[in-house]
Structures are given as structure tokens and as C-alpha cells.
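The lines below spell out each chain.
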Amino acid sequence: MSSRIALAGLLLVATVCAAFTHINIFEKMFHPYGSPSFGSPASAAVDPDDKVLAVTLGHDARAYPIRTMGYHHIVNDTVNGVPIAVTYCTLCHTGLVWNRMLDGRLLHFRLAGINNGNALLRDEETSSIWQQSTGEAIYGPLKGKQLQLVRSNELSFGLWKQEQPHGQVLRSNSLYASEYDPKDWEKHVEKTRTVVDTAKSGIGPHELMWGITTAGGSKAYPVQAILATKLIQDHVGKVPILLLVGPDGTSVRTFETRVEGGNTDLTFATGPHDGTMTDAETGSTWNFQGCAVEGTLSGRCLKEIDAHKDYWFDWMNHHPDSTVFKS
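In this text the structure is predicted, and so the values were computed from the model without any measurement. (Residues numbered from 1 in each chain as written. Predicted model: local features only at pLDDT ≥ 70, side-chain atom pairs only at ≥ 80, totals over all residues. Heavy atoms only, no water.)

(A) Inspection of the overall build of the chain at higher detail. Helix and strand counts for the chain come out as seven helices and 27 strands. The C-alpha radius of gyration computed for the chain amounts to 20 Å, which stays within 12% of the reference 20 Å derived for 327 residues, consistent with globular compactness. Seen through its principal axes, the chain has C-alpha atoms that stretch 60 × 50 × 40 Å. When burial is assessed residue by residue, the chain has 53% of its 327 residues classed as buried. Within the chain, the 34 negative side-chain charges are centred at a point lying 4 Å from the centre of the 28 positive side-chain charges. (Helix = DSSP H or I, 4+ residues; strand = E, 2+ residues; numbered from the N terminus. Rg over C-alpha atoms; globule rule 2.2 N^0.38 Å. Buried < 20%, exposed > 50% of the residue type's maximum accessible area, 1.4 Å probe, protein only. Lys, Arg positive; Asp, Glu negative; His and termini not counted. Charge placed at Lys NZ, Arg CZ, Asp CG, Glu CD.)

Pasting the structure below:
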């Protein structure tokens, strides 16, 4: 891990053009997972406290262990008939899932390189280059095109397993399992040099943020502040939102503060049990999935909002007008 991180750090200063050569040195460092294989949660060799990138489409739920994804970076998959690209960039701590259908064309993605500390993707069909953090094509025939984001959650495996006991888990590829990231991979990454200067912001480049973007703007929340308070109620633009920490004490979800289909904003406080909350208006109890399980609103759910983790340098680079939550 340390040698690969050091090498990746040196490559951060390389120009984007280096990623466009016919010989992809990045795929020699991080081999692609060509034919992903899945197993049951019970048989998965994943520690309960390890994080997974979780995707649920219809009745199909899949978990992609981040220590596996941190090596392969991309898994082209299909879930409930939806072709998706599951992506993870450990250098910027971003796990994002993109729909592989664009204007009626099915795309297949590969790792292409690094740009300002964030992974670049290349589609096999047109050789266009895409920014992992934004899903935008920045070079090639499809330059300016935008992939559609597919909602995902970064959860501890133990929590995901409780929520989705019949889901599927990405198996490690035995050919490269010895190269997968160690449990303390974040400590190694935080030592890498970044090319994005965050000094004027007063925030360290590797401050881990929870980033939210709505039609009204973007806002970054220090992850440590979220974990310490368990629940934050705020606005991003004009959208009233809340951030809730799960019963594992490490997973986070984001919701609008109104019941789906309703027009009344609710006021929440942490509940009597970890990962639950109660609303002041009806006294109903809500779980970590954003659904009321007791009280007047039992059976009703909040609308979940797309959000993801990101190191500050990467979030600031792609969201220069973002505000920052002050606890």
C-alpha cells in the first residue's frame, strides 16, 4: 500500500495527457476487475467495521467493499437491469456510482489516470475522459457530457448486512487480493501531497467532508462534526436537510426534512436509541432509513438526498462556491 501511494503521489503532478496514451500505466498499477463476482453477506470475507459502497435498485442490493474498490477503482456492473459504473478514488475519498447509459449508448469504463488528485475514467466506446468526482467528460468526443448519478451509501459492512441480509457482496479477485488496501488506508492517503492549495480556506486538504449539492448550492460538512453530534438539521440552498448518524456510529445518511409527498418541514432530535430520531411535531420515531416506525407518521418516509464523502481539497476544487458548515 505505502509503495503504491508513494508512486501515485508522484503521478499527481503529471499532466492529464499522460492518461491518454495507448499504454495505460495506471491499469498496470491497479488491474481492472473485468468480470465481477458476488456472494452472500454470510459468506463474505469482510470485517463488520469495513466500509462498503452500497447500491439498492428495486429489490436488488449490492455492496462493494471499499478496500477492494480502492485497488480496482471501477467495477462495471448491472443491478436490477440498470448498467452502472461503481467507482472509488481513495486519493480523494470519493465513492460514486454512475449510470453507464448515455444518450442511448452503453458505456464501459476503465481507469485512465489522475487529475488534481482525482481519478479519471475512460470509456471504451469513444475513449473520452471523465472526471470521477463529477461524472463529466473533460476530454474527447463526449466532452461536456454528464453521466447520471446513481444513489449510493457508504456504510459499515455490519450495518449493511443487517439492512440487506439477502443482498450480494462483491468478492475479492484472488489474483490481486494481496494488493488490496489495508484497514488503515486512510492514514497512508492523508500523508500524500495534494496539488490543490487549500491554504486560503483555512481548512486542511485532507479534512474529510460530507458533501451535499442541491439546486440551490453546495455545502460541505466536516465528517467529525457529524459523528460527534449524531444529527444535524440545516439548509443547503433553500432545501431543508438533516444528516443522521447510523446505529454503528460511523455511517451517515442525508434526508429532506419533510415526508415524501408532503409540504410540512419536520423538526428532529436524536431518539432514545442510536440511529433513531423523533420529530417534535408528532413525536413519531424514525429509523436510519428515514422511515417512521412508531407514532402518527408510522409507515411514512423522508426523501433521501444524494451526498458523499470527499477530502476537502477535492470538494473545494470541484465546488469552488461551496459553503462550509460551522458547528
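Next comes the rest of the account.
(B) Spotlight on the pairing of strand 18 (residues 231–236). As defined by bridge partners, strand 18 adjoins strand 19 (residues 239–245) across six bridges and the pair is classed as antiparallel. Following the sheet pairing, Ile 232 is matched in strand 19 by Leu 243. Counting the residues that bridge the hairpin from strand 18 to strand 19 gives two residues, and of these Gly 237 lies at a positive phi of roughly 65°. (Pairing = 2+ DSSP bridges.)

(C) Structural view of the sheet that holds strand 26 (residues 307–311). One open sheet holds the four strands; their spatial order is 26-16-17-27, and the pairing between them is mixed. For this open sheet the edge positions go to strand 26 and strand 27 (323–324), each flanked by a neighbour on one side alone. Strand direction decides the pairing type here: strand 16 (residues 208–214) and strand 17 (residues 217–222), joined by six bridges, are antiparallel. Bridge pairing links Met 209 to Pro 222 in strand 17.

(D) Representation of the state of the cysteines within the structure. Counted by the stated rule, this structure contains one disulfide. Residue Cys 291 pairs covalently with Cys 301 via a disulfide, S to S 2.0 Å. Sign of the S-S torsion, about 100° for the bond between Cys 291 and Cys 301, identifies this disulfide as right-handed. Linking Cys 291 in the loop between strand 23 (285–286) and strand 24 (292–294) with Cys 301 in the loop between strand 24 and strand 25 (302–304), this pair joins segments that are ten residues apart in sequence. On the accessibility criterion, Cys 301 (23% relative accessible area) is partly exposed. The thiol of Cys 89 is unpaired, and the distance to the nearest cysteine sulfur, on Cys 92, comes to 3.0 Å. On the basis of relative accessible area, Cys 89 is assigned to the buried category, the value being 3%. (Disulfide = S-S within 2.5 Å.)

(E) Representation of the pairing of strand 4 (residues 74–79). Sheet topology places strand 4 next to strand 5 (residues 82–89); six bridges connect them, and they run antiparallel. Note on strand 5: the bridge partner recorded for Asp 77 is Ile 84. What sits between the antiparallel neighbours strand 4 and strand 5 is a turn of two residues, in which Asn 80 has the positive phi angle 55°.

(F) Quick look at the side chain of Asp 279. Among the structural elements, Asp 279 can be located in strand 22 (residues 277–279). The side chain of Asp 279 sits in the buried core without any salt bridge; Arg 300 is the nearest counter-charge, 11 Å away. Excluding residues that lie within four positions of it along the chain, Asp 279 makes contacts with Leu 266, Thr 267, Phe 268, Ser 284, Trp 286 and Leu 297. (Salt bridge = Lys/Arg side-chain N within 4 Å of Asp/Glu carboxyl O. Contact = heavy atoms within 4.5 Å.)

(G) Representation of the nonpolar core in the model. Formed by 67 residues in total, the largest nonpolar core has its most connected members in Tyr 64, Ile 84, Trp 130, Trp 210, Ile 212, Tyr 221 and Leu 243. Ranked by the residues each element gives to this core, the list is headed by strand 5, at five residues. Not counting residues up to four positions away in its chain, the partners in contact with Tyr 64 are Phe 38, Val 52, Leu 53, Val 55, Met 69, Val 75, Asp 77, Val 79, Ile 84, Val 86 and Leu 170. Among the nonpolar cores identified, the runner-up in size contains 23 residues, and Ala 61, Val 169, Phe 268 and Ala 292 belong to it. (Core = buried A, V, L, I, M, F, W, Y, C linked by side-chain atoms within 4.5 Å.)

(H) Summary view of the side chain of Asn 99. Within the secondary structure, Asn 99 sits in strand 6 (residues 94–99). A polar contact is formed between the side chain of Asn 99 and the backbone nitrogen of Met 101, at a distance of 2.8 Å. In this structure Asn 99 touches Val 82, Pro 83, Leu 147, Gln 148 and Val 150, once residues within four positions along its chain are discounted. (Polar contact = N/O pair within 3.5 Å; in protein donor to acceptor, adjacent residues only side chain to side chain.)

(I) Structural detail: unusual backbone geometry. With phi around 75°, His 73 is a residue other than glycine that occupies positive phi space. Assignment of secondary structure puts His 73 in the loop between helix 3 (66–72) and strand 4. Positive phi outside glycine occurs at Asn 116, with the angle close to 55°. Along the chain, Asn 116 turns up in the loop between strand 9 (109–115) and strand 10 (118–123).

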